[in-house]
Amino acid sequence: MAGFKRRNPNQKLIYSRPVLAVMFLMLIFLGQAAIKAYIGARDARTAYIGVREERADIAIKSADLEKRLDYLSSSYGLEKELRRQFGLAKPGEELMTIIDRRQKGADNEPGKFSSFLSEIGGFFTGLFNFNR
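Calculation rules
- Residues numbered from 1 in each chain as written.
- Predicted model: local features only at pLDDT ≥ 70, side-chain atom pairs only at ≥ 80, totals over all residues.
- Heavy atoms only, no water.
- Axes fitted to C-alpha atoms, helices over the stretch in contact; angles between N-to-C directions.
- Helix = DSSP H or I, 4+ residues; strand = E, 2+ residues; numbered from the N terminus.
- Parallel < 35°, antiparallel > 145°, perpendicular 65-115°, else oblique.
- Contact = heavy atoms within 4.5 Å.
- Nonpolar A, V, L, I, M, F, W, Y, C, P; charged D, E, K, R; others polar.
- Expected span 1.5 Å × (residues − 1).
- pLDDT = per-residue confidence, 0-100.

**Student:** It is not clear to me how the packing of helix α3 (residues 17–73) against helix α4 (residues 75–86) should be interpreted in this structure. Could you clarify?
**Tutor:** Helix-helix packing is characterised by the crossing angle of the two axes and by the distance between the axes. Packing of α3 against α4 leaves a shortest axis separation of 4 Å and a crossing angle of 90°. Here α3 lies roughly perpendicular to α4, going by the angle between them. Residues Arg-68, Tyr-71, Leu-72 and Ser-73 of α3 touch α4, and the partners they reach there are Ser-75, Tyr-76, Gly-77, Leu-78, Lys-80, Glu-81 and Arg-84. Residues belonging to the contact of α3 with α4 are distributed by class as follows: four nonpolar, three polar and four charged.

Following this line, the structure appears as structure tokens:
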């Protein structure tokens with residue numbers, strides 16, 4: 001058995017303390033590199049997902065802008081937009097303002113003496129049925 005140990009000098013070298021310390025340090029450095037690679041891949045994936053979502057949003061906005069551009073490039077759309085934003089009118093057109101009538105209860109503002117009298121008149125009219 002002693003002859004076998006003498007014939008294998010490589011085994012003594014491999015299992016020596018300095019070589020084991022170097023191998024342990026290499027294992028630590030490889031582990032650290034693997035962890036850094038994992039973290040970098042994870043960050044790259046989240047960045048990729050964010051860019052993909054942003055690209056989809058930009059594609060939707062681009063489609064909306066294309067529709068708006070097509071609308072404004074037509075004569076009808078351009079005329080309508082100019083009228084809406086700047087209040088332009090064609091020659092010969094006149095402005096007509098329509099004012100709604102006041103609602104029945106709108107003129108009864110609190111603090112007015114005339115509204116008080118109209119309420120009293122309405123009470124007696126309803127009480128004696130003068131409007132038959």
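**Student:** Mind showing me how you'd approach α4 here?
**Tutor:** A turn of α-helix holds 3.6 residues, and therefore any two residues three or four places apart point the same way. Counted at 1.5 Å a residue, the expected span for α4 with its 12 residues is 16 Å, and the 16 Å between its end C-alpha atoms agrees. Just downstream of α4, Gly-87 is the residue with a positive phi angle, here 70°.

**Student:** Would you take a moment to explain the confidence of the model for the chain for this structure?
**Tutor:** Predicted coordinates in areas of low pLDDT are best not read in detail. Confidence in the prediction of the chain, expressed as mean pLDDT, is 83, and 81% of residues score 70 or more. Within the chain, the lowest mean pLDDT, 58, falls on helix α1 (residues 2–7), and the highest, 96, falls on α3.

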